[in-house]
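Each chain is listed here by its residues.
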Amino acid sequence: MEGFVFGVMAAQLVVLAALFLLGRKHVRGGDGPEAMPEACPRAAVIVPVTGDTPGMRQAVASLIDQDYPDFLAVFVVAEAADPAADLVAGVARADPRVQVVVAGRAEACGQKNHNILAGLRAAHTADVFVFCDSTHVADRHFVTNLVAPIARGDAPMTSGFHKVVPGDGATATVGMAVTCLALHLLQPIRAITQPWGGAMAVSRQAFDRFGLARLWGQNIVDDFSMGPHLHTFGVAAWPVAAACLQTPLTKVSLARWDDWLTRQLLYLKFCIPPGWIVSIAAVLLLAAPPVAAATMLAAWIFGAGCGAGAALSAVYLAAFAGLGLCFRSLCPRRVGVLAWLRGYAATFLMLGWCFGRTFTTNTMSWRGIRYKVGWGGVVMRVIRD
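Position numbers for residues count from 1 along each chain, tracking the sequence in the order it is written. Only residues with pLDDT of 70 or above have their local features reported here, since the model is predicted, and side-chain atom pairs are shown and tallied only from 80 upward, although totals for entire chains, interfaces and linings are computed over all residues. Neither water nor hydrogens contribute to the side-chain values; these are computed over all heavy atoms in the structure.

1. What to know about the nonpolar core
Then comes step 1: By size, the foremost hydrophobic cluster in this structure holds 56 residues, and its most contacted members are I220, W257, F327, W340, Y344, M364 and Y371.
Then comes step 2: Three or more residues apiece are contributed to this core by two domains, here domain 1 (1-20 + 272-384) and domain 2 (26-251).
Then comes step 3: If near-sequence neighbours (up to four positions away) are discounted, I220 is found in contact with G110, N113, Y267, C271, M364, Y371, V373, G377 and V379.
Then comes step 4: Here, nonpolar core refers to any group of buried Ala, Val, Leu, Ile, Met, Phe, Trp, Tyr and Cys residues whose side-chain atoms link them within 4.5 Å. Any residue under 20% of the maximum accessible area for its type is buried, any over 50% is exposed, and the rest in between are partly exposed; the area is computed with a 1.4 Å probe on protein chains only. Counting 35 residues, the second-largest nonpolar core is a separate cluster that includes M56, A138, L146 and F161. Where each domain starts and ends follows an automatic or database-derived domain assignment. Contacts were defined at the residue level, with two residues in contact if any of their heavy atoms lie within 4.5 Å.

2. Structural notes on the UniProt feature "transmembrane region" (unreviewed entry) in the protein
Then comes step 1: UniProt positions are given in the numbering used here, feature names are shortened, and annotations may be inferred rather than shown by experiment. UniProt's feature table lists "transmembrane region" (unreviewed entry) at residues 6-23, 266-288, 300-327 and 339-359, given in the numbering used throughout.
Then comes step 2: Secondary structure across residues 266-288 comprises 96% helix and 0% strand; the distance between its end C-alpha atoms is 21 Å.
Then comes step 3: Within the segment residues 339-359, helix and strand shares are 90% and 0% respectively, and the terminal C-alpha atoms sit 31 Å apart. Only DSSP runs of H or I covering at least 4 residues are called helices, and only runs of E covering at least 2 are called strands; the numbering of each starts at the N terminus.

3. Details of the environment of D258
Then comes step 1: Mapped onto the secondary structure, D258 falls in helix 10 (residues 254-271).
Then comes step 2: Along the chain, D258 and A172 lie 86 residues apart, while their C-alpha atoms are 8.8 Å from each other.
Then comes step 3: In this structure, D258 is in contact with M350, W353, C354 and R357, ignoring residues within four places of it in sequence.

4. A few points about empty space enclosed by the protein
Then comes step 1: For cavity detection a 1 Å grid was placed over the protein atoms alone, and a set of points counts as a cavity when a 1.4 Å probe fits there but cannot get out; an open set counts as a pocket when protein lies on both sides within 12 Å along at least five of seven lines, with lining residues being those that have an atom within 4 Å of a point. Grid points are joined across faces, edges and corners, and a volume is the space filled by probe spheres set on the points. Per the stated rule, a full pass over the model turns up one cavity of 30 Å³ or more.
Then comes step 2: What the largest cavity holds in volume is close to 70 Å³.
Then comes step 3: If you list the elements that add at least two residues to the lining of the largest cavity, you get strand 5 (157-166) and helix 6 (171-186).
Then comes step 4: Gly is placed with the polar residues, together with every amino acid not listed as nonpolar (Ala, Val, Leu, Ile, Met, Phe, Trp, Tyr, Cys and Pro) or charged (Asp, Glu, Lys and Arg). Per-class residue counts for the lining of the largest cavity are eight nonpolar, two polar and one charged.
Then comes step 5: Mapped onto the domain boundaries, the lining of the largest cavity takes at least three residues apiece from domain 1 (1-20 + 272-384) and domain 2 (26-251).

5. What to know about the environment of L16
Then comes step 1: For L16, the location among the structural elements is in helix 1 (residues 2-27).
Then comes step 2: L16 sits in the buried class, given a relative accessible area of 4%.
Then comes step 3: In sequence terms L16 and F327 are 311 residues apart; their C-alpha atoms lie 9.4 Å from each other.
Then comes step 4: Not counting residues up to four positions away in its chain, the partners in contact with L16 are L286, F320, L323, F327, Y344 and F348.

Right, here's the structure in full:
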């Protein structure tokens, strides 16, 4: 049995090392900014917004202050009374490139999808649609970098990602940074590249050909639903390293991290059920080894374990920590070594905990709305308390 456990430990270290080596160039910016051709297609930047959270003004302002020569920024709220409507108006200050759209309540899909579809109807003159979240800060070349491969004819669809910028060493803050970094490292692996709804672009022609309006009109989420759908067309999103947003975070609570990660794993369960089933083994591979190693080492310390097992566990934990410090080198803002390692180790425990939670529900809760979800992420019922 011990041989099997140590084999799993070794396999986990190999997976983590491969993830770092395969994704580090992409996370560090790849080959740099994208080259934009002289003829730029008209773009519409569609941003679902709600509330008035810290940092949101900076994020909205950054999406308006873009160097792309011809674009319309469409910010979409569910209701006119949403504080986000006044926030956008205050930031835009009558900028003719900015439009605020009221979508109304969703009845057959996720509210975010409903907002996006309302934004699309307002962007009827655009040749390329760019979709962004409202809580991440963009540099001035963000839209250019996302649109460039489409304008050049290299791909019908592109996807960027985001980096968490930790403002402190709180366990959950660092854990969020590690979790997002792991997902970011997966982006350049073309066999499994998934579009990320917080930063993606698609040509109008491809959007219509792939039937994305119909897909989103009945689904719980935009990006997770697209991956398997696009694969039926033999299409994957083109990962754009330079189109990377920043997400400043500070004082993140364990409950917030727990809810966020559980929600991401539920999207996987709802939209890609076979992938969720396969992930059971992957989660065990990632989460079980550090727990097993710590348990065997503690048992030896208290006189209940064997010395050889404890020694191998110590070697594993040292290698595990060393890889954690490699991941730390990719973080946009450094935190202390001990704080990083604490958050890094906690990430594997949180992954196991949150994945376990996905077994107990077929309901998604998000921003005060509950969704009863069926196979493939199809919304069966929208529940408003």
